[in-house]
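Structural features, examined
Letter by letter, the chains look like this.
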Amino acid sequence: MPASQRIVQICLFLVAAIALFGGTVQMLMGQPETTPRLDNLHRFMGGVYLAMGVICAWAAITIRQQRTLVYLIAFVVLMAAVGRLISIATVGLPEPASVWLGYLIPELVFPFVIVAAQWATHRNSTSA
């Protein structure tokens, strides 16, 4: 397996672990001290987040067969980061700031690493 493909695989496994954990926590905890509508939406998105973790894990396991799916996953992670940035700009950075920045920074970096490594993997495979 080329090093660039291994990088994509590692990033996908990391995103999978984050999404599986975060999605499970969101589904179980919901959004306490809020309206039923917001709790319902929060748990729904927790389910989407959890499912994204399963998709990322599957893509990482079957990385040799994946092409477009990897780019789509990178896009989803980047859009999640954009959502966080909009939230921070609109209502501020939640406390503790270090935790939320710890979520945001990988969400901003991983998509570009994944796309670059995936592109390198398939550029090398088509030129060989």
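The structure presented is a predicted model; accordingly, all values stated were derived computationally and were not measured.

What to know about the side chain of Gln5
Inspection of the secondary structure puts Gln5 in helix H1 (residues 3-29). With relative accessibility at 5%, the residue Gln5 sits in the buried group. Setting aside chain neighbours within four positions, we find Gln5 in contact with Ile63, Arg64 and Thr121.

Regarding the packing of aromatic side chains
The geometry of an aromatic ring pair comes down to the distance between the two centres and the angle between the two planes. Per the stated rule, a full pass over the model turns up one aromatic pair. Aromatic pair Trp100 and Tyr103: ring centres 5.2 Å apart, planes at 80°, arrangement edge-to-face. Here Trp100 pairs with Tyr103, and both are found in helix H4 (residues 97-127), just three residues apart, close to one helical turn. Residue class for Trp100 comes out partly exposed when judged on its relative accessible area of 28%. With a relative accessible area of 37%, Tyr103 lands in the partly exposed category.

Quick look at H1
Relative to the 39 Å expected for 27 residues at 1.5 Å per residue, H1 spans 39 Å between its end C-alpha atoms, a close match to the ideal helical length. Along H1, the positions that sit buried rather than exposed are Ser4, Gln5, Val8, Gln9, Cys11, Leu12, Val15, Ala16, Ala19, Gly22 and Gly23. Downstream of H1 by one or two residues, Gly30 has phi in the positive range, about 65°.

Topic: the pattern of salt bridges
Proximity of charged atoms lets side chains of opposite charge pair with each other. This model, assessed by the stated rule, comprises two salt bridges. Across the pair Asp39 and Arg43 runs a salt bridge, and its minimum N-O distance is 2.8 Å. Of the two residues, Asp39 and Arg43 are both situated in helix H2 (residues 36-61); the distance of four residues between them amounts to about one turn of the helix. We note a salt bridge from Arg84 to Glu107, for which the minimum N-O separation is 2.7 Å. With Arg84 in helix H3 (residues 68-91) and Glu107 in helix H4, this pair connects stretches of sequence that are 23 residues apart. Accessibility expressed as a relative area gives 23% for Arg84, which makes it partly exposed. On the accessibility criterion, Glu107 (12% relative accessible area) is buried.

Describing H3
A rise of 1.5 Å per residue sets the reference length of H3, with its 24 residues, at 34 Å; its end C-alpha atoms lie 35 Å apart and thus fit the reference within 8%. By the burial criterion, the buried members of H3 are Val70, Ile73, Ala74, Val77 and Ala81. One or two positions beyond H3, positive phi appears at Gly92, with a value near 100°.

A word on unusual backbone geometry
At the junction of Glu95 and Pro96, the peptide bond is cis and its omega measures out at -10° in the coordinates. Its place among the elements puts Pro96 in the loop between H3 and H4. If you check the backbone angles, Glu33 has positive phi at about 55° while not being a glycine. By the secondary structure assignment, Glu33 is in the loop between H1 and H2.

Rules used throughout
Residues numbered from 1 in each chain as written. Predicted model: local features only at pLDDT ≥ 70, side-chain atom pairs only at ≥ 80, totals over all residues. Heavy atoms only, no water. Helix = DSSP H or I, 4+ residues; strand = E, 2+ residues; numbered from the N terminus. Buried < 20%, exposed > 50% of the residue type's maximum accessible area, 1.4 Å probe, protein only. Contact = heavy atoms within 4.5 Å. Phe/Tyr/Trp six-rings, centres within 6.5 Å; stacked < 30°, edge-to-face > 60°. Expected span 1.5 Å × (residues − 1). Salt bridge = Lys/Arg side-chain N within 4 Å of Asp/Glu carboxyl O.

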